[in-house]
Amino acid sequence: MNPLIQNLQDAKHTRTPIRPFTESLPSFSLEEAYKLQSTQLESDLAQGEQQVGYKMGLTSRAKQKDVGVEEPICGYLLKSMVRAQDGKLRIGALIHPRIEPEVSVILKEDVEGDIPLKDLLPKIEAILPAIEILDSRFENYHFKLPDVVADNASASGFILGKKDLKPFVIDLRLMGIFIRLNAEVVESGCPAAVLGNPLQSVLELLRLLQKRQGGLKKGMVVLTGGITASIPLHLNDAIEIVWPTETFELRVTP
Ligand code: OOG
Ligand code: MG
């Protein structure tokens, strides 16, 4: 196995974060990083995993400032990353998890290429509020662009909401949200923070995938990127993420 992939897997399984690759390999490039990401996806699939979609990352200023990286990236989502909305956020197997509110888009048809928004709209099955659970395999979330791409954009898990926002698509950009952590409001924002409109993030993903002769398949989920800065999780934290249409209430457990 590629030694960098081995390092990432060891970090995950031993819950011990590692130093960014670019520290010892300054020439490690974004292109190599995406190749490494594809190799990991292939090996996950070979081990019986199923790909359920893609995630976009670093699509808002808040998130770019979070980690000091200024360009959108993508990663893949596996079936094993799906978490039920059962009121619990289990972090026992994770290194240093964080969560962030996102808009997710579910597709009802295959779609690919550099297309305008009006061509994407009829291919959307649903738009659901979502929570992404991040768990960088790098110490303190310190990394450069190629590191985080090789680490599948810090992907660890996600929870999908229940109420379709598609009927509100005109106002999607303005659907304000806030986050309460242990009864205190710690973040607020609206989906416009993501590239002006989170649906633009899907178009950006399609352009990124086109470079690798790929596209999106019917039924796939796209996480469009964190709307606010992410929130580090600690045992017993009580978290509420409030959307106009639904509230996620979560307790952090082992
Ligand atoms: C990188 C992943 C970024 C987002 O939504 O911007 C991301 C990180 O913050 O560790 O998922
Ligand atoms: Mg995210």
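Reading guide: rules and limits
Residues numbered from 1 in each chain as written. Chains lettered and ligands numbered in written order. Predicted model: local features only at pLDDT ≥ 70, side-chain atom pairs only at ≥ 80, totals over all residues. Heavy atoms only, no water. Phe/Tyr/Trp six-rings, centres within 6.5 Å; stacked < 30°, edge-to-face > 60°. Helix = DSSP H or I, 4+ residues; strand = E, 2+ residues; numbered from the N terminus. Buried < 20%, exposed > 50% of the residue type's maximum accessible area, 1.4 Å probe, protein only. Lys NZ or Arg CZ within 6 Å of the ring centre and 35° of its normal. Pairing = 2+ DSSP bridges. Axes fitted to C-alpha atoms, helices over the stretch in contact; angles between N-to-C directions. Near = heavy atom within 4 Å. Polar contact = N/O pair within 3.5 Å; in protein donor to acceptor, adjacent residues only side chain to side chain. Nonpolar A, V, L, I, M, F, W, Y, C, P; charged D, E, K, R; others polar. Core = buried A, V, L, I, M, F, W, Y, C linked by side-chain atoms within 4.5 Å. Contact = heavy atoms within 4.5 Å. Expected span 1.5 Å × (residues − 1). Arc of directions from axis to C-beta.

1. What about the packing of aromatic side chains?
Part 1 of the reasoning: Under the defined criterion, the tally for this structure stands at 3 aromatic pairs.
Part 2 of the reasoning: Relative to Phe138, the ring of Phe21 has its centre 5.3 Å away and its plane inclined at 85°; by these criteria the two rings are edge-to-face. You can see Phe21 sitting in helix α2 (residues 21-24) and its partner Phe138 sitting in the loop between β5 (124-134) and α6 (145-150), a full 117 residues away along the chain.
Part 3 of the reasoning: You can call Phe21 buried: its relative accessible area is 4%.
Part 4 of the reasoning: Taken together, the aromatic side chains of Phe21, Phe28, Phe138 and Phe143 make up a single cluster linked through ring pairs.
Part 5 of the reasoning: Its guanidinium or amino end placed over the ring of Tyr141, Arg98 lies 3.7 Å from that ring's centre, counting from NZ or CZ.

2. Structural notes on the sheet that holds strand β7 (residues 177-181)
Part 1 of the reasoning: The strand order across the open sheet built from 5 strands is β3-β12-β11-β7-β8, with neighbouring strands paired in mixed fashion. A single partner strand is all that each edge strand has here, and the edge strands are β3 (88-90) and β8 (184-189). The average angle at which neighbouring strand axes cross in this sheet is 25°, direction not considered.
Part 2 of the reasoning: In this sheet, strand β11 (residues 238-242) lies alongside β7 in antiparallel orientation, the contact comprising 4 bridges. The residue of β11 that forms the bridge with Arg180 is Glu240.

3. Details of the site of ligand 1
Part 1 of the reasoning: Within the structure, ligand 1 sits among 17 residues, and Lys55, Leu58, Lys63, Ser154 and Gly226 are positioned closest to it.
Part 2 of the reasoning: One of the side-chain N or O atoms of Lys55 is found 2.7 Å from an oxygen atom in ligand 1.
Part 3 of the reasoning: Note that an oxygen atom of ligand 1 is positioned 2.7 Å from one of the side-chain N or O atoms of Lys63.
Part 4 of the reasoning: Contributions of two or more residues to the shell around ligand 1 are made by β1 (51-57), α4 (61-67), β4 (98-107) and β5.
Part 5 of the reasoning: The greatest single-element share of the shell around ligand 1, amounting to 3 residues, is contributed by β1.
Part 6 of the reasoning: By residue class, the composition of the shell around ligand 1 is 8 nonpolar, 4 polar and 5 charged.

4. Quick word on the nonpolar core
Part 1 of the reasoning: In terms of nonpolar packing, the biggest core is built from 81 residues, with Ile99 and Leu216 touching the most fellow members.
Part 2 of the reasoning: Looking at this core element by element, the count peaks at 8 residues for β5.
Part 3 of the reasoning: When neighbours within four sequence positions are excluded, Leu216 is seen to be in contact with Tyr54, Leu107, Asp110, Val111, Val202, Leu205, Leu206, Leu209 and Val222.

5. Notes on helix α1 (residues 3-14)
Part 1 of the reasoning: Between its terminal C-alpha atoms α1 stretches 16 Å, which fits the 16 Å expected from 12 residues at 1.5 Å a residue.
Part 2 of the reasoning: Within α1, burial applies to Leu4, Ile5, Leu8, Gln9 and Ala11. Summarising the axial view, the buried residues of α1 lie within an arc of 155°, below the 170-degree limit, and thus occupy one face. Summarising the geometry of α1, the exposed residues directed more than 90 degrees from the buried face are Pro3, His13 and Thr14.
Part 3 of the reasoning: Looking at the buried residues of α1, the elements they touch are α2, α3 (30-46) and α6.
Part 4 of the reasoning: Backbone geometry just downstream of α1 places Arg15 in the positive-phi region, at approximately 55°.

6. Remarks on unusual backbone geometry
Part 1 of the reasoning: Positive phi values are uncommon outside glycine, yet Leu58 reaches one of about 60°.
Part 2 of the reasoning: Structurally, the position occupied by Leu58 is in the loop between β1 and α4.
Part 3 of the reasoning: The backbone phi angle of Tyr141 is positive, close to 55°, even though this residue is not glycine.

7. Focus on helix α7 (residues 198-210)
Part 1 of the reasoning: A rise of 1.5 Å per residue sets the reference length of α7, with its 13 residues, at 18 Å; its end C-alpha atoms lie 19 Å apart and thus fit the reference within 8%.
Part 2 of the reasoning: Listing the buried residues of α7 in full gives Pro198, Leu199, Ser201, Val202, Leu203, Leu205, Leu206, Leu208 and Leu209.

8. So, the pairing of β1
Part 1 of the reasoning: Of all 7 residues in β1, 6 are buried, a share of seventy percent or more.
Part 2 of the reasoning: Examined bridge by bridge, β1 and strand β2 (residues 73-78) share 6 bridges and lie antiparallel to one another. The residue of β2 that forms the bridge with Gly57 is Ile73.
Part 3 of the reasoning: Note that β1 and strand β9 (residues 221-223) share 3 bridges and pair parallel. Paired with Gly53 across the strands is Val221, a residue of β9.

9. What about the side chain of Glu132?
Part 1 of the reasoning: Looking at where Glu132 falls in the secondary structure, it is placed in strand β5.
Part 2 of the reasoning: Separated by 2.8 Å, the side chains of Glu132 and Lys55 make a polar contact.
Part 3 of the reasoning: Contacts of Glu132, omitting those with residues within four sequence positions, involve Lys55, Arg98, Ile99, Glu100, Glu102, Ala155, Gly157, Phe158 and Leu223.

Nothing here speaks to function; it is all geometry.
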